[in-house]
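# Survey of secondary and tertiary structure
Each chain is listed here by its residues.
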Amino acid sequence: MPITELSKLNTRVGFIGLGLMGSRLAQRLHSSGWKVRAWNRSPKPADELNKAGIAIAKSVASLVAGSDVILSSLANDEAVRSVYLDGGGVLSSAEPGKIVLEMSTISPELSRSLHEEARKRGIDFLDVAISGSTPAVDAGTITLLAGGEIATFEQCIPIFESIARQWFLIGSGSSGVQMKLVVNLLLGIDMQAIAEAVSLGEHLQIDRNVLLDVLSKTAVIAPAMAGKFRKIKDRDYSPEFPLRLMSKDMNLVMDAARTSGADLPAASAAHSVLAANVSTNGDLDLSAITPFVVGQGTRQE
């Protein structure tokens, strides 16, 4: 059967989860010309999106019934499990042939369960993990890491084109989530390394502004981390990628390592530092580990 691409003219898109990432993704789809409705577990983010012209569904079941494609961006396994597997959730409400793009960073085990349940119900399901934080969503430069059937992946390219710079089909179901854990392992270690480099430089009494300016311009700093130096310099730890979510992702990384037998000593150290900061700095940006590592304490200025 020939692959039919999705079209802005006749495809109804439903979006679930309107946090820092989800609200931006829904707005980007809307501004790109897609017919978007949304739903969120708490009403305030939904009210804000409604002011931007996006209709809000009364329930998950209502959203699913009125959509051809469902996307979701949720905080953790618990949220995804509730939205997808509870009565009136996505999978119990979707008819065969419905397309679902689950974009949350969750455990590979839960992702595999969702794929299997969707397969039983005749639902075309992809896990589509996101690499990139809120500035990248705003700029349309995120990278998408998908797991599932190639036919569904190719069918959804018009949606990917509206929100991302590049997209990859990694392999079968849950492989997108697995690749995201590999990517975020690097993100966590990179932030830990930057914090330690700043700590050493400051303890060596290098001028702080010079230290941060020079470090940010060296070849060893990944492009995704360049913006963290401005946040450290300004002591502005407003969240682009909240520390609590980075800590959650590192929990998933360490669980995956234990399951697969991988030994990750550097990741283990970064995991410990993140965990030590969650209770006090969890809603701040992940770069807020820097003053903790330096030993100054975090303050929001």
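Coordinates for the structure precede this section.
Report follows, based on the coordinates. (Residues numbered from 1 in each chain as written. Predicted model: local features only at pLDDT ≥ 70, side-chain atom pairs only at ≥ 80, totals over all residues. Heavy atoms only, no water.)

The next thing to look at is the overall build of the chain. Scanning the chain for helices and strands turns up 15 helices and 8 strands. Overall size of the chain, expressed as C-alpha extent along the three principal axes, is 65 × 45 × 35 Å. With 301 residues in all, the chain has 48% of them scored as buried. Partitioning the contacts of the chain with sequence separation of at least 6, the portion at a separation of at least 24 is 67%. Computed over 29 positive and 32 negative side-chain charges, the inter-centroid distance for the chain is 5 Å. (Helix = DSSP H or I, 4+ residues; strand = E, 2+ residues; numbered from the N terminus. Buried < 20%, exposed > 50% of the residue type's maximum accessible area, 1.4 Å probe, protein only. Contact = heavy atoms within 4.5 Å. Lys, Arg positive; Asp, Glu negative; His and termini not counted. Charge placed at Lys NZ, Arg CZ, Asp CG, Glu CD.)

Taken together, L200, L204, I206, V210 and V214 make up a surface patch of nonpolar side chains, about 460 Å² in accessible area. Residue position: V210 is located in helix α11 (residues 208–216). (Patch = residues over 30% accessible without salt bridge, like charges linked within 9 Å, V, L, I, M, F, W, Y side chains within 5 Å. Areas by Shrake-Rupley, 256 points an atom, 1.4 Å probe, with all protein chains shown as cover. Salt bridge = Lys/Arg side-chain N within 4 Å of Asp/Glu carboxyl O.)

Our next topic: the sheet that holds strand β3 (residues 55–56). Taking strand neighbours across the sheet as the criterion, the 8 strands line up as β3-β2-β1-β4-β5-β6-β7-β8 in an open arrangement whose pairing is mixed. Each end of this open sheet is capped by a strand with a single partner; those strands are β3 and β8 (164–171). Inspection of the sheet shows strand β4 (residues 69–72) paired to strand β5 (residues 99–102) by 4 bridges, in the parallel sense. Bridging across to β5, V69 finds its partner in I99. (Pairing = 2+ DSSP bridges.)

Here helix α6 (residues 108–120) crosses helix α10 (residues 175–203) at 160°, and the two axes come no closer than 9 Å. Compared by their axis directions, α6 and α10 come out roughly antiparallel. Remark: the crossing between α6 and α10 carries right-handed chirality. Touching P108, S111 and R112 of α6 are V177, Q178 and L181, all from α10. Of the residues that constitute the contact of α6 with α10, the class distribution is 3 nonpolar, 2 polar and 1 charged. (Axes fitted to C-alpha atoms, helices over the stretch in contact; angles between N-to-C directions. Parallel < 35°, antiparallel > 145°, perpendicular 65-115°, else oblique. Left-handed = near helix turned anticlockwise from the far one by under 90°. Nonpolar A, V, L, I, M, F, W, Y, C, P; charged D, E, K, R; others polar.)

Right, let's get into the side chain of H115. Inspection of the secondary structure puts H115 in helix α6. Overall, H115 belongs to the buried group, its relative accessible area being 14%. In contact with H115, not counting residues within four places along its chain, are F125, L126, D127, G147, G148, G173 and S174.

Turning our attention to the pattern of salt bridges. Applying the stated criterion across every chain, the model contains 14 salt bridges. One salt bridge in this structure joins R24 and D138, with 3.3 Å as the shortest N-O distance. Pair noted here: R24 is in helix α1 (residues 20–31) and D138 is in helix α7 (residues 134–139), with a separation of 114 residues, a long-range link. With relative accessibility at 26%, the residue R24 sits in the partly exposed group.

So, about the packing of helix α4 (residues 77–85) against α6. Here α4 crosses α6 at 10°, and the two axes come no closer than 11 Å. Comparing the axis directions of α4 and α6 gives the class roughly parallel. Across the interface between the two elements, D77, V80, R81, Y84 and L85 of α4 pack against L110, L114 and E117 of α6.

Across all of its chains, the model carries 3 aromatic pairs by this definition. With 6.2 Å between their ring centres and 75° between their planes, Y84 and F125 make a pair best called edge-to-face. Placement of the pair is Y84 in helix α4 and F125 in strand β6 (residues 124–131), with a sequence separation of 41 residues. Each of the two residues, Y84 as well as F125, counts as buried. Judged by centre distance (5.4 Å) and plane angle (45°), the ring pair of F153 and F160 falls under tilted. (Phe/Tyr/Trp six-rings, centres within 6.5 Å; stacked < 30°, edge-to-face > 60°.)

Nothing here speaks to function; it is all geometry.
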